[in-house]
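Structural overview for review
What follows is the residue order along each chain.
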Amino acid sequence: MSYATIQMLTDRYGEQMLIALTDHGEIATGVIDADTVARALADTDGVVDGFLKARYVLPLAEVPPLVADIAQAIAIWKLHRTTPSDKIKDDYKEAMAMLDRLARGSVTLSVAGVEPDTAGGSGAVMTDRERPMTAENLTGYV
């Protein structure tokens, strides 16, 4: 599932920006290169999934607005081949910080029933091993 679409990016950043970021052929076509945008969106989905899988069962049943916003900020940053504007950089940094907060659980998504099962408690697992010193093999020492 993709967290953002070409249409979302066009609505948010404008068609002219997307054309400028993606139309890199030897002869400019004046249209958005959908393959370039699709690659950036797929890379973005991988980044978002990497953070969300720590707390949520993927794929999400629906894309919350917060995740769509994060995905758009990351995707537009990924589309830049040169240094992006300060606004794009700041939005990217905030998106990554929000993903970190989502992964740590200090911010949660309002998507019901998606938190993965945990081992409970702190996640510590106790195992019992063979005891090398027993009453039988210590006979005579004590």
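I will try to describe carefully the structure that is included in this document.

Rules used in this analysis
- Residues numbered from 1 in each chain as written.
- Predicted model: local features only at pLDDT ≥ 70, side-chain atom pairs only at ≥ 80, totals over all residues.
- Heavy atoms only, no water.
- Phe/Tyr/Trp six-rings, centres within 6.5 Å; stacked < 30°, edge-to-face > 60°.
- Helix = DSSP H or I, 4+ residues; strand = E, 2+ residues; numbered from the N terminus.
- Buried < 20%, exposed > 50% of the residue type's maximum accessible area, 1.4 Å probe, protein only.
- Lys, Arg positive; Asp, Glu negative; His and termini not counted.
- Salt bridge = Lys/Arg side-chain N within 4 Å of Asp/Glu carboxyl O.
- Polar contact = N/O pair within 3.5 Å; in protein donor to acceptor, adjacent residues only side chain to side chain.
- Contact = heavy atoms within 4.5 Å.
- Expected span 1.5 Å × (residues − 1).
- Arc of directions from axis to C-beta.

**Some details on the packing of aromatic side chains**
To describe a pair of aromatic rings, you give the distance between the ring centres and the angle between the ring planes. Taken as a whole, this structure holds 1 aromatic pair when the rule is applied. Here W77 and Y92 contribute two aromatic rings whose centre-to-centre distance is 3.8 Å and whose plane-to-plane angle is 10°, an arrangement assigned as stacked. Of the two residues, W77 sits in helix α4 (residues 65-79) while Y92 sits in helix α5 (residues 86-104), which places them 15 residues apart along the sequence. Exposure remark for W77: the relative accessible area of 30% places this residue in the partly exposed category. With relative accessibility at 19%, the residue Y92 sits in the buried group.

**Some details on unusual backbone geometry**
In the segment running from L58 into P59, the intervening peptide bond is cis, with an omega of 0°. Mapped onto the secondary structure, P59 falls in the loop between α3 (34-52) and α4.

**Looking at the side chain of D23**
If you trace the backbone, D23 turns up in the loop between α2 (15-22) and α3. Of the buried charged residues, D23 lacks a salt bridge, with R81 as the closest side chain of opposite charge at 9.3 Å. At 2.9 Å, the side chain of D23 forms a polar contact with the backbone nitrogen of T29. Among the polar contacts made by the side chain of D23, one reaches the main-chain amide nitrogen of G30 at a distance of 2.8 Å. Contact partners of D23, with chain neighbours within four places excluded, come to A28, T29, G30 and V31.

**Thoughts on the pattern of salt bridges**
Scanning the model with the defined rule gives 4 salt bridges in all. Among the salt bridges present, the one from K87 reaches D91, with a minimum N-O distance of 2.9 Å. Separated by 4 residues within a single helix, K87 and D91 lie in helix α5, roughly one turn from each other. Classification of K87 as exposed rests on a relative accessible area of 53%. For R104, the salt bridge is made with D100, and the minimal N-O distance between the two is 3.0 Å. Here the residue R104 and the residue D100 both occupy positions in helix α5, the gap between them amounting to 4 residues, near one helical turn.

**A few points about the side chain of T36**
Topologically, T36 is positioned in helix α3. Polar side-chain contacts of T36 include one of 2.8 Å to the side chain of D33. Apart from residues lying up to four places away in sequence, T36 is in contact with T22 and L79.

**Overview of α5**
Between its first and last C-alpha atoms α5 spans 27 Å; for 19 residues at 1.5 Å apiece the expected length is 27 Å, and the two agree. When we look at burial in α5, the residues that qualify are I88, D91, Y92, A95, M98, L99, L102 and A103. Seen along its axis, α5 keeps its buried residues to an arc of 140°; they face one direction. In α5, those exposed residues whose orientation departs by more than 90 degrees from the buried face are D86, K93 and R104. Turning to α5, the residues buried within the fold contact α1 (6-13), α3 and α4. Positive phi shows up at G105, right after α5, with a value of about 90°.

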